[in-house]
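# An overview of the molecular structure
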Amino acid sequence: MDDSKIIFHDVPEAFSAASTHSVTTRRTKVPRPKLQADFHRARRRARTERIVETLDWEEDEIVAPDPTSREALLELAKMTNNAYLEPGDDGWYNLTDNWNKSSPFGWEPDADGFRGHIFVSADESTVVLSIKGTSAGVLGGGGPTVRKDKFNDNLLFSCCCARVDWSWTTVCDCYGGGWKCDQDCLEQSLVEESLFYTIGTNLYNNVTYLYPNANIWVVGHSLGGALAGLLGVTFGVPVVAFEAPGEKMAARRLHLPSPPSTMHITHVYHTADVIAMGACNGVMSSCAIAGYAMESRCHLGRSAVYDTMTKLNWSSDIRTHRIGVVIDQLLAKDWEEGLPVPKAEPEDDCVECYSWEYGKFKNSTTASLQGRRSCQLP
């Protein structure tokens, strides 16, 4: 069911600047469900009745950021950086020469979860929703969103409820012993309204309410990039995600109907980033030591992968996951002569969580209840 709510009522005064954006664009075809109500019904029936409906998709040609343009990616990467900050903070990029001042979401004094900024061109033809990623001490950050960021990371990107070994407190009670995980329980744990995906769909609907004729793009870094990808599948909008963990597994578990193509989603990451590469796992990994089970590795759409380990002799290091590394060391100059950025290609042969077996390992009624009751913040 589409339970989105209108939470914005007036366009903020911050959207009054008189400049237009300069991001290089190109015409892009995107698949969208003819009716969002059909999309949500198909998702609900797949989850509750195990019935896979065939949706009617329509192909729209829209203006989207050009993923082959280094300058375009650099501008969008700066927006994802700003999602972690408030205007005037150290590290904030002033983008008002090309965009109106941002409108924040999730930055209220008592807010401790989903947050970021919205950027709008002066003519209101383009709106960019920039979603904050994980704030965590292990990545040099922190703040009030740490607890919920970590909860969403462990629920969306772990193989089974963040069950790394016997000593871990899982985020849902779906572990079935050995390398077994109850599929029904796992999927039920992802339907809670407090999860960031659901909040993101509500926010997207609010943005379309304010700007019904605008081209909407979604960008993000890390967790924010993965959430951007999930919204891109849901609404058929262009996405650019930086250093995001693989979100393809989460899309399946959320029962998001699969469109004919996901090539409107572009991932940008490098080979030394253990999170984007799906290599920050195992009990002795830096992620696990910090309490994160980052086990997914497969991305939706296509990926522009900087092979920094081969070309630049970088070593695998979680510290290279920061968006600042992308901005300052990768997008500051062309990758190669005649190749501003690596060619984005789909990850066709990607495999993840291959050691796990998924099925009915608990009573179906009990599993459903456990998925709901145990999906709680620690």
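The coordinates are above.
All values derive from a computational prediction rather than experimental measurement.

### Thoughts on the overall build of the protein
Broken down by element type, the protein carries 11 helices and 12 strands. A total of 378 residues make up the protein; the buried ones form 56% of that total. In the protein, 73% of the contacts between residues at least 6 apart in sequence involve partners at least 24 apart. Surface summary for the protein: the accessible area is close to 16,500 Å², and the carbon and sulfur share equals 48%.

### Comments concerning the packing of aromatic side chains
In this structure the tally under the stated criterion is 6 aromatic pairs. Between the aromatic rings of tyrosine 175 and tryptophan 356, the centroid separation amounts to 6.1 Å while the plane-to-plane angle is 75°, which identifies the pairing as edge-to-face. Of this pair, tyrosine 175 sits in the loop between helix H3 (146-157) and strand S6 (180-182) while tryptophan 356 sits in the loop between strand S11 (345-346) and strand S12 (357-359); the two residues are 181 residues apart in sequence, bridging distant segments of the chain. For tryptophan 356, a relative accessible area of 10% corresponds to the buried category. When the ring of tyrosine 204 is compared with that of phenylalanine 235, the centres are 3.9 Å apart and the planes differ by 20°; the resulting orientation is stacked. Of this pair, tyrosine 204 sits in helix H5 (residues 196-210) while phenylalanine 235 sits in helix H6 (residues 223-235), and the two are 31 residues apart along the sequence. Its relative accessible area of 8% is what places tyrosine 204 among the buried residues. Grouping aromatic residues by their ring pairs yields a cluster made of Phe105, Phe114 and Phe196. It is lysine 150 that lies over the ring of tyrosine 292; its NZ or CZ is 5.4 Å from the centre. In this structure, lysine 311 is placed above the aromatic ring of tryptophan 335, and the distance from its NZ or CZ to the ring centre is 4.3 Å.

### Section: the packing of H5 against H6
Where H5 contacts H6, the two axes come as close as 10 Å, and the packing angle between them is 60°. Viewed along their axes, H5 and H6 adopt a mutual orientation that is oblique. The way H5 lies across H6 gives a crossing that is right-handed. In this structure, H5 contributes Phe196, Tyr197, Gly200, Thr201, Tyr204 and Asn205 to the contact, and H6 contributes Leu223, Leu227, Leu230, Leu231, Thr234 and Phe235. Residue composition of the contact of H5 with H6, by class: 8 nonpolar, 4 polar and no charged.

### Some points on unusual backbone geometry
Despite not being glycine, histidine 255 shows a phi value in the positive range, around 60°. Positive phi values are uncommon outside glycine, yet cysteine 353 reaches one of about 50°. Within the secondary structure layout, cysteine 353 lies in the loop between S11 and S12. Under the relative-accessibility criterion, cysteine 353 is labelled buried at 11%.

### Quick look at the state of the cysteines
Counted under the stated rule, the structure contains 6 disulfides. Each sulfur of the disulfide joining cysteine 159 and cysteine 353 lies 2.0 Å from the other. On the S-S bond that ties cysteine 159 to cysteine 353, the torsion sits near -90°, and the link is left-handed. Here the residue cysteine 159 occupies a position in the loop between H3 and S6, and cysteine 353 occupies one in the loop between S11 and S12, the gap between them amounting to 194 residues. There is no split in this pair, since cysteine 159 and cysteine 353 are both buried.

### Some thoughts on the pairing of strand S9 (residues 265-270)
One face of the sheet, then the other: side chains in a regular strand alternate in exactly this way. Most of S9 is tucked away, with 6 of its 6 residues classed as buried. Burial of S9 is two-sided: the residues Ile265, His267 and Tyr269 facing one way and the residues Thr266, Val268 and His270 facing the other way are all buried. For strand S8 (residues 239-242) and S9, the ladder comprises 4 bridges, and the chain directions are parallel. Along S9, the bridge assignment pairs valine 240 with threonine 266. Each parallel crossover has a hand, and for S8 linked through helix H7 (residues 248-253) to S9 it is right-handed.

### Describing the sheet that holds strand S5 (residues 126-131)
Judged by pairing direction, the sheet is mixed, and its 8 strands sit side by side in the order S3-S4-S5-S7-S8-S9-S10-S11 without closing on themselves. Two strands in the sheet have a free side with no partner beyond their single neighbour: strand S3 (103-105) and S11. Examined bridge by bridge, strand S7 (residues 215-221) and S8 share 4 bridges and lie parallel to one another. Paired with histidine 221 across the two strands is phenylalanine 242, which belongs to S8.

### Some remarks on the environment of cysteine 353
C-alpha of cysteine 353 to C-alpha of cysteine 160: the two residues are 193 residues apart in sequence and 9.0 Å apart in space. Non-local contacts of cysteine 353, meaning those with residues more than four positions away in its chain, are made with Cys159, Met249 and Tyr358.

### Structural notes on the side chain of histidine 221
In this structure, histidine 221 sits in strand S7. Within the local environment of histidine 221, its side chain forms a polar contact with the backbone nitrogen of isoleucine 323, the two atoms lying 3.5 Å apart. Those residues within four positions of histidine 221 in sequence are excluded, and the remaining contacts are Thr80, Tyr84, Ile131, Lys132, Gly133, Phe242, Glu243, His321, Arg322 and Ile323.

### Here's the deal with the nonpolar core
The biggest cluster of nonpolar side chains holds 70 residues, and the ones touching the most others in it are Val127, Leu129, Val218, Leu227, Leu230 and Leu256. Broken down by element, the residue count for this core peaks at 8 residues, all from H6. If we ignore the near neighbours within four places in the chain, the residues touching leucine 227 are Phe114, Ile131, Leu156, Phe196 and Tyr197. Leu73, Trp92, Phe119 and Trp217 belong to the second-largest nonpolar core, a separate cluster that totals 30 residues.

Criteria and cut-off values
Along each chain, residue indices are assigned from 1 in the same order as the chain's sequence is written. Predicted model: local features are reported for residues with pLDDT of at least 70 only, side-chain atom pairs are reported and counted for 80 or more only, and whole-chain, interface and lining totals are derived from all residues. Here the side-chain values reflect all heavy atoms present in the structure, with hydrogen atoms and water set aside. Put simply, DSSP marks the helices as runs of H or I at least four residues long and the strands as runs of E at least two long, and each gets a number from the N terminus on. For each residue, the accessible area found with a 1.4 Å probe, counting protein chains only, is set against the maximum for its type, and the residue is called buried under 20%, exposed over 50%, and partly exposed in between. Note on contacts: a residue pair is in contact if any heavy atoms of the two residues lie within 4.5 Å. Throughout, the Shrake-Rupley method with a 1.4 Å probe supplies accessible areas, and for residues the shown protein chains are the sole cover considered. Aromatic pairing here means that ring centres of Phe, Tyr or Trp (its six-membered ring) are within 6.5 Å. Orientation follows from the plane angle: under 30 degrees is stacked, over 60 is edge-to-face, and everything else is tilted. A ring is considered to have a charge above it if a Lys NZ or an Arg CZ atom is located within 6 Å of its centre and within 35 degrees of its normal. As a rule, the C-alpha atoms of each element are fitted with a line to give its axis, helices using only the stretch in contact, and angles between N-to-C directions run from 0 to 180 degrees. Oblique is the label for every angle not falling under 35 degrees (roughly parallel), over 145 degrees (roughly antiparallel), or within 65 to 115 degrees (roughly perpendicular). If you view the pair so one helix is near and one far, a crossing is left-handed when the near helix is turned anticlockwise from the far one by less than a right angle, and right-handed when it is turned clockwise. Classification convention: Asp, Glu, Lys, Arg as charged; Ala, Val, Leu, Ile, Met, Phe, Trp, Tyr, Cys, Pro as nonpolar; all other residues, Gly among them, as polar. For the purposes of this analysis, a disulfide is any pair of cysteine sulfur atoms at a distance within 2.5 Å. Here, any two strands with at least 2 DSSP bridges between them count as paired. Note on handedness: a crossover is taken as right-handed if, strands pointing away from the viewer, the path from the first strand over the helix to the second is clockwise. Contacts described as polar in this section are N or O atom pairs within 3.5 Å, which, within protein, must combine one atom able to donate a hydrogen with one able to accept it, while residues neighboring in sequence count only if both atoms come from side chains. What is meant by a nonpolar core is a set of buried Ala, Val, Leu, Ile, Met, Phe, Trp, Tyr and Cys residues, joined one to another through side-chain atoms within 4.5 Å.

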